[in-house]
Amino acid sequence: MILAAIFVIWNLASTPPPRPVAIQPAPIQGAGLQKAKTRGTGEQPARSKQVETLALAPFLIPAERSGELVFFKLEAELIVDSQTTKHELMRKEAWVRDIIYSELKGIDISNGVAGNVLLRYRKPIVDRINRELAPLRVDDIRMVGVLLK
């Protein structure tokens, strides 16, 4: 039993740290800065649309890499248009997390983990959340994953 514990500790210590998977969030349409003229001070930026975000607690998603089971830690942030929608989605967070998990579990990341791995899954996740939790509406989702071994 002591030998097994030493082996596990040695194996954990010799494993390289997880590599971050950088996924750049797409710009939010309608949430950019517009210039508004003000008296005497020149031009200052003003928000064209108010945007609320709901950050979900990180969770693990199983994936496949060259036939091997791997996990990545996913951090997701939902972008909504009102405080009311944000509060309603907070109450249904378990359903939202389940939708994201079921859309991403088992994805193949054999081609690498750089750049836009999760980008192609954004639209299907947003569409499914909007369909299953109607009349609540999510405008977009930002996702960042870190590959674990």
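Please refer to the structure placed before this passage.
Here's a quick rundown of the structure. (Residues numbered from 1 in each chain as written. Predicted model: local features only at pLDDT ≥ 70, side-chain atom pairs only at ≥ 80, totals over all residues. Heavy atoms only, no water.)

Some thoughts on the pairing of strand E6 (residues 68-80)
With four bridges joining them, strand E4 (residues 52-55) and E6 adopt antiparallel strand pairing. Residue Thr53 lies in a different strand from E6, and its bridge partner there is Ile79. In this sheet, E6 lies alongside strand E5 (residues 59-65) in antiparallel orientation, the contact comprising seven bridges. Considered in E6, the bridge of Phe59 is made with Leu74. The antiparallel hairpin formed by E5 and E6 contains two residues in its connecting segment, where Ser66 sits at a positive phi of about 55 degrees. Bridge count between E6 and strand E8 (residues 140-148): nine bridges; the pairing is antiparallel. Across the sheet, residue Leu74 finds its bridge partner in E8, namely Gly145. (Pairing = 2+ DSSP bridges. Helix = DSSP H or I, 4+ residues; strand = E, 2+ residues; numbered from the N terminus.)

A closer look at the pattern of salt bridges
Close approach of charged atoms lets side chains of opposite charge pair. Tallied over the entire structure, the rule returns six salt bridges. One salt bridge in this structure joins Glu88 and Arg91, with 3.4 Å as the shortest N-O distance. Separated by three residues within a single helix, Glu88 and Arg91 lie in helix H2 (residues 83-91), roughly one turn from each other. Assessed through its relative accessible area of 28%, Glu88 is described here as partly exposed. A salt bridge links Arg128 to Glu103, with the shortest nitrogen-to-oxygen separation between them at 3.1 Å. Placement of the pair is Arg128 in helix H4 (residues 122-132) and Glu103 in helix H3 (residues 93-104), with a sequence separation of 25 residues. In this structure Glu103 comes out as partly exposed when scored by relative accessible area, which is 25%. What you see here is one network of salt bridges that share partners, running through Glu103, Arg128 and Glu132. (Salt bridge = Lys/Arg side-chain N within 4 Å of Asp/Glu carboxyl O. Buried < 20%, exposed > 50% of the residue type's maximum accessible area, 1.4 Å probe, protein only.)

Focus: the pairing of E5
Along any regular strand, the residues point their side chains to alternate faces of the sheet. Alignment of E5 against strand E7 (residues 107-108), held across two bridges, turns out to be parallel. Pairing of Glu64 across the sheet is with Asp108, part of E7.

Points about the packing of H3 against H4
Where H3 meets H4, the closest approach of the two axes is 10 Å, and the angle between their N-to-C directions is 140 degrees. Here H4 runs oblique to H3, going by the angle between their axes. Here H3 and H4 pass one another in a crossing that is right-handed. Here H3 contributes Val96, Ile99, Ile100, Ser102, Glu103 and Leu104 to the contact with H4, which in turn contributes Pro124, Ile125, Arg128, Ile129 and Glu132. A per-class count over the contact of H3 with H4 returns seven nonpolar, one polar and three charged. (Axes fitted to C-alpha atoms, helices over the stretch in contact; angles between N-to-C directions. Parallel < 35°, antiparallel > 145°, perpendicular 65-115°, else oblique. Left-handed = near helix turned anticlockwise from the far one by under 90°. Contact = heavy atoms within 4.5 Å. Nonpolar A, V, L, I, M, F, W, Y, C, P; charged D, E, K, R; others polar.)

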